[in-house]
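Topology and contacts: notes
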Amino acid sequence: MSVGIYILIAAVAFLMLYFAIKKLTLQIDEKALLEPIKTSLYPEFCDFIDEKIGELKSQIEADLSLFKDENLRAEFLEKLGDLSRKLTFIQTMNLSKKNDETWQNELFEFLKTLESVIETYLKDGEAKADELRITLMNKFKSLQEKQA
């Protein structure tokens, strides 16, 4: 009879311990999900890139002399719109990913495409692409310093 009581006490203690550990691990998981994503650097950087695309669109709409061929203006603006949507897609798809490598690969490919479009359609495309690259590099460095 006394062995049965000890087994019952051990089972109750085991269940209490089991549920306490389960509750603790759920709280830890919840805290990890709710804490700001370490990679908030990348969404902020994406927002900055999108701002730059918007500025480029405005600049182009104001000055047609920037084009290699003015007849391709609509095509260029369409490509910029497509790139802006692609950037939003990249940002949305990778928002929950904390893997720096994934973000860097996606953004590298995106920025390569953006540079190519700028160089293809604008008269001084290489210089504009270089200027944009330097601006983006400086912004990325400042965001990294802010994160550290």
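Residues numbered from 1 in each chain as written. Predicted model: local features only at pLDDT ≥ 70, side-chain atom pairs only at ≥ 80, totals over all residues. Heavy atoms only, no water.

A separate point is the nonpolar core. Counting residues in each nonpolar core, the largest one holds 30 residues, and the members touching the most others are I49, I60, F76, L107, F110, L114 and L122. Top contributing element to this core by residue count: helix 2 (residues 41-62), with nine residues. Once residues lying within four places of it in the same chain are set aside, the contact partners of F110 are I49, I53, L83, K86, L87 and I90. (Core = buried A, V, L, I, M, F, W, Y, C linked by side-chain atoms within 4.5 Å. Buried < 20%, exposed > 50% of the residue type's maximum accessible area, 1.4 Å probe, protein only. Helix = DSSP H or I, 4+ residues; strand = E, 2+ residues; numbered from the N terminus. Contact = heavy atoms within 4.5 Å.)

Let us look at the layout of surface pockets. If you add up the space inside the largest pocket, you get close to 370 Å³. At the level of elements, helix 2, helix 4 (100-121) and helix 5 (125-147) are the ones that each hand at least two residues to the lining of the largest pocket. Counting residues per element, the lining of the largest pocket draws most heavily on helix 5, at eight residues. Looking at the lining of the largest pocket residue by residue, the class counts come to ten nonpolar, two polar and four charged. In this structure, the second largest pocket spans a volume of roughly 240 Å³. Taken together, K52, I53, E55, L56, Q59, L114, I118, K128, E131, L132 and T135 form the lining of the second largest pocket. At the level of elements, helix 2, helix 4 and helix 5 are the ones that each hand at least two residues to the lining of the second largest pocket. At five residues, helix 2 tops the list of elements feeding residues into the lining of the second largest pocket. Class assignment for the residues of the lining of the second largest pocket results in five nonpolar, two polar and four charged. (1 Å grid on protein atoms, 1.4 Å probe; cavity = no way out; pocket = protein on both sides within 12 Å on 5 of 7 lines; lining within 4 Å. Points joined across faces, edges and corners; volume = space filled by probe spheres on them. Nonpolar A, V, L, I, M, F, W, Y, C, P; charged D, E, K, R; others polar.)

As a further point, take the packing of helix 2 against helix 5. Where helix 2 meets helix 5, the closest approach of the two axes is 10 Å, and the angle between their N-to-C directions is 150 degrees. One finds that helix 2 runs roughly antiparallel with respect to helix 5. With respect to the hand of their crossing, helix 2 and helix 5 are arranged in right-handed fashion. Contact residues: L41, Y42, E44, F45, F48, I49, K52 and Q59 in helix 2; K128, L132, T135, L136, K139, F140, L143, Q144, K146 and Q147 in helix 5. (Axes fitted to C-alpha atoms, helices over the stretch in contact; angles between N-to-C directions. Parallel < 35°, antiparallel > 145°, perpendicular 65-115°, else oblique. Left-handed = near helix turned anticlockwise from the far one by under 90°.)

Limitation: the analysis is restricted to geometry and does not speak to function.
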